[in-house]
Amino acid sequence: MYKDAIMDELRQIELDVVEGERRLAELEALLIESKRLNEDTTKVQADLEVMRRNQLDREQHRQGLLWLLHP
């Protein structure tokens, strides 16, 4: 039972990690395009930094779940 709950959470966090990577790639592309057009990139850079921290949190959570499954 305990393992099933961890596996369910791991499946969800894996989906979240993949989605986070996709969104990060989109935002990084937007930043590059904004720089190319000499636009103000302050907000995009701030959003990207927040997203990177969130992605790191998701990846660390995933590692913790994997550790619980394979101590």
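Provided above is the structure to which this section pertains.
For clarity, every value in this text was computed on a predicted model and none was experimentally measured.

A look at helix 1 (residues 2–36)
Every α-helix carries 3.6 residues per turn, so stepping three or four residues along brings you back to the same face.
(1) Moving on: In a regular helix each residue adds 1.5 Å, so 35 residues correspond to 51 Å; helix 1 covers 51 Å between its end C-alpha atoms and thus fits that length.
(2) Moving on: Within the span of helix 1, buried status applies to Ile6, Leu10, Ile13, Val17, Gly20, Leu24, Leu27, Leu31 and Ser34.
(3) Moving on: Packed against the buried residues of helix 1 are helix 2 (42–69).
(4) Moving on: Asn38 sits one or two residues past helix 1 and shows a positive phi near 55°.

What to know about the pattern of salt bridges
(1) Moving on: For the structure on display, the rule yields 8 salt bridges.
(2) Moving on: Put simply, Glu28 and Arg52 hold a salt bridge, and the shortest N to O gap is 3.3 Å. Of this pair, Glu28 sits in helix 1 while Arg52 sits in helix 2; the two residues are 24 residues apart in sequence, bridging distant segments of the chain.
(3) Moving on: If you follow the salt bridges from partner to partner, you end up with Glu19, Arg22 and Glu26 in one network.

Here's the deal with the environment of Ala5
(1) Moving on: Tracing the chain through its elements places Ala5 in helix 1.
(2) Moving on: Note: C-alpha distance between Ala5 and Val44 (39 residues apart in sequence) is 37 Å.

Digging into a nonpolar patch on the surface
(1) Moving on: On the surface, a nonpolar cluster with roughly 380 Å² of combined accessible area is contributed by Tyr2, Trp67 and Leu68.
(2) Moving on: Structurally, Tyr2 can be placed in helix 1.
(3) Moving on: Owing to a relative accessible area of 57%, Tyr2 belongs among the exposed residues under this scheme.

Side note on the side chain of Arg62
(1) Moving on: Relative to the helices and strands, Arg62 is located in helix 2.
(2) Moving on: On the basis of relative accessible area, Arg62 is assigned to the buried category, the value being 18%.
(3) Moving on: Setting aside residues no more than four positions away along its own chain, Arg62 makes contact with Leu10, Ile13, Glu14 and Val17.

Rules and cut-offs
Residues numbered from 1 in each chain as written. Predicted model: local features only at pLDDT ≥ 70, side-chain atom pairs only at ≥ 80, totals over all residues. Heavy atoms only, no water. Helix = DSSP H or I, 4+ residues; strand = E, 2+ residues; numbered from the N terminus. Expected span 1.5 Å × (residues − 1). Buried < 20%, exposed > 50% of the residue type's maximum accessible area, 1.4 Å probe, protein only. Contact = heavy atoms within 4.5 Å. Salt bridge = Lys/Arg side-chain N within 4 Å of Asp/Glu carboxyl O. Patch = residues over 30% accessible without salt bridge, like charges linked within 9 Å, V, L, I, M, F, W, Y side chains within 5 Å. Areas by Shrake-Rupley, 256 points an atom, 1.4 Å probe, with all protein chains shown as cover.

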